[in-house]
Amino acid sequence: MLLAITVIIFGVWMSTHHDSCRRTLTLPVLGLGAFIFVISIIGFLGALKRNSILLWIYLILLCIILVAILVFTVLAFIITNNASGHNVAGLRYKEYQLKDYSPWFLKRLNNTHNWMRLKSCLVKSEDCNNLSKRYKTLKQYKSAKLTPIEAGCCRPPSECGYPAVNASYYDLSFHPISSNKDCKNYKNSRAVKCYNCDSCKAGVAQYMKTEWRVVAIFNLVLFVVLSIIYFVGCCARQNAARSGSRPKF
């Protein structure tokens, strides 16, 4: 029960530290915590009343959760195992390429409906428009350590060669030295920026990868703890079975 409350608190923490664009795993974590809480009540009542039926239900449901957590964790590590970004000379942050990510990410980010929803959310988040407020001078901007989403969605890729005028404006009169289609997709407009770029999708993929990796590590710890609890539950069921088989006088 305490473990379920911990999972719920972790889910609440995720929801308060991320905007609506980036809460991809908040609801699943909260749902998992609520489900574990309900199961813990069943197990508690079964152990308290020495009811073998309730304890069987508890163990079966707990086993299902253990299998689900194990499958999700393995898949999460497989999906997030590749793509670490590319260093660019003169920049403190990395740039990301969409082709480096797993087909699972590519399928969802290249889906027009999914991306339109994410893009509108990114525009509302004001991440790109706030850069000029955070970095007053061009020198500050060039030495900044941008997040993957800021690096991919708020500016054109470095290979385009567009000179930066400030943190939110690039000189597009300069002829791009790269054939990358993102160079043409970038606009200085607040509503456009590089939201239609593959580099933006790659930045979102990198963010999702980091979030999935955090949840996967958390689930790994959760799996170990739940396995111990499952063993204790088996002992409780055996004790209840022995108690029920004793002759009553």
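Before reading further, recall that the structure is shown in the block above.
Basis of the calculations
Residues numbered from 1 in each chain as written. Predicted model: local features only at pLDDT ≥ 70, side-chain atom pairs only at ≥ 80, totals over all residues. Heavy atoms only, no water. Helix = DSSP H or I, 4+ residues; strand = E, 2+ residues; numbered from the N terminus. Rg over C-alpha atoms; globule rule 2.2 N^0.38 Å. Buried < 20%, exposed > 50% of the residue type's maximum accessible area, 1.4 Å probe, protein only. Contact = heavy atoms within 4.5 Å. Areas by Shrake-Rupley, 256 points an atom, 1.4 Å probe, with all protein chains shown as cover. Lys, Arg positive; Asp, Glu negative; His and termini not counted. Charge placed at Lys NZ, Arg CZ, Asp CG, Glu CD. Phe/Tyr/Trp six-rings, centres within 6.5 Å; stacked < 30°, edge-to-face > 60°. Axes fitted to C-alpha atoms, helices over the stretch in contact; angles between N-to-C directions. Parallel < 35°, antiparallel > 145°, perpendicular 65-115°, else oblique. Left-handed = near helix turned anticlockwise from the far one by under 90°. Nonpolar A, V, L, I, M, F, W, Y, C, P; charged D, E, K, R; others polar. Expected span 1.5 Å × (residues − 1).

**Section: the overall build of the protein chain**
Secondary structure assignment for the protein chain yields ten helices and four strands. Moving toward the C terminus, one meets the helices and strands of the protein chain in the order α-α-α-β-β-α-α-α-α-α-β-β-α-α. Taking 249 residues into account, the globule formula puts the C-alpha radius of gyration at 18 Å, and the protein chain, at 25 Å, lies well above it. Counting over 249 residues, the protein chain shows a buried share of 39%. When contacts within the protein chain are restricted to residue pairs at least 6 apart in sequence, those whose partners lie at least 24 apart make up 64%. Accessible area for the protein chain stands at about 14000 Å²; split by element, carbon and sulfur atoms hold 65% of it. Both charge centroids of the protein chain, one from 31 positive and one from 11 negative side chains, sit 13 Å from each other.

**Here's the deal with the packing of aromatic side chains**
Under the defined criterion, the tally for this structure stands at nine aromatic pairs. Residues Tyr 170 and Tyr 186 carry aromatic rings whose centres are separated by 5.6 Å and whose planes lie at 80° to one another, so their mutual orientation is edge-to-face. Pair noted here: Tyr 170 is in strand E4 (residues 169-170) and Tyr 186 is in the loop between helix H9 (182-185) and helix H10 (198-245), with a separation of 16 residues, a long-range link. Residue Tyr 170 shares its accessibility class with Tyr 186, and that shared class is buried. Taken together through their ring pairs, the aromatic side chains of Phe 72, Tyr 101, Trp 104, Phe 105 and Trp 212 make up a single cluster.

**With respect to the packing of helix H2 (residues 26-49) against helix H3 (residues 52-79)**
Here H2 crosses H3 at 155°, and the two axes come no closer than 8 Å. On the basis of the axis angle, H2 is roughly antiparallel to H3. Relative to H3, H2 is oriented so that their crossing is left-handed. Mapping the contact onto sequence places Leu 32, Phe 35, Ile 36, Ile 39, Ser 40, Ile 42, Gly 43, Leu 45, Gly 46 and Ala 47 in H2 and Leu 54, Leu 55, Ile 57, Tyr 58, Leu 61, Leu 62, Ile 65 and Ile 69 in H3. Residues belonging to the contact of H2 with H3 are distributed by class as follows: 15 nonpolar, three polar and no charged.

**Re H2**
Taking 1.5 Å of rise per residue, 24 residues should cover 34 Å, and H2 covers 35 Å from first to last C-alpha, within 8% of that figure. If you check which residues of H2 are buried, you get Thr 26, Val 29, Gly 33, Ile 36, Ile 39, Ser 40, Gly 43 and Gly 46. Once H2 ends, the next one or two residues include Arg 50, with phi positive near 55°.

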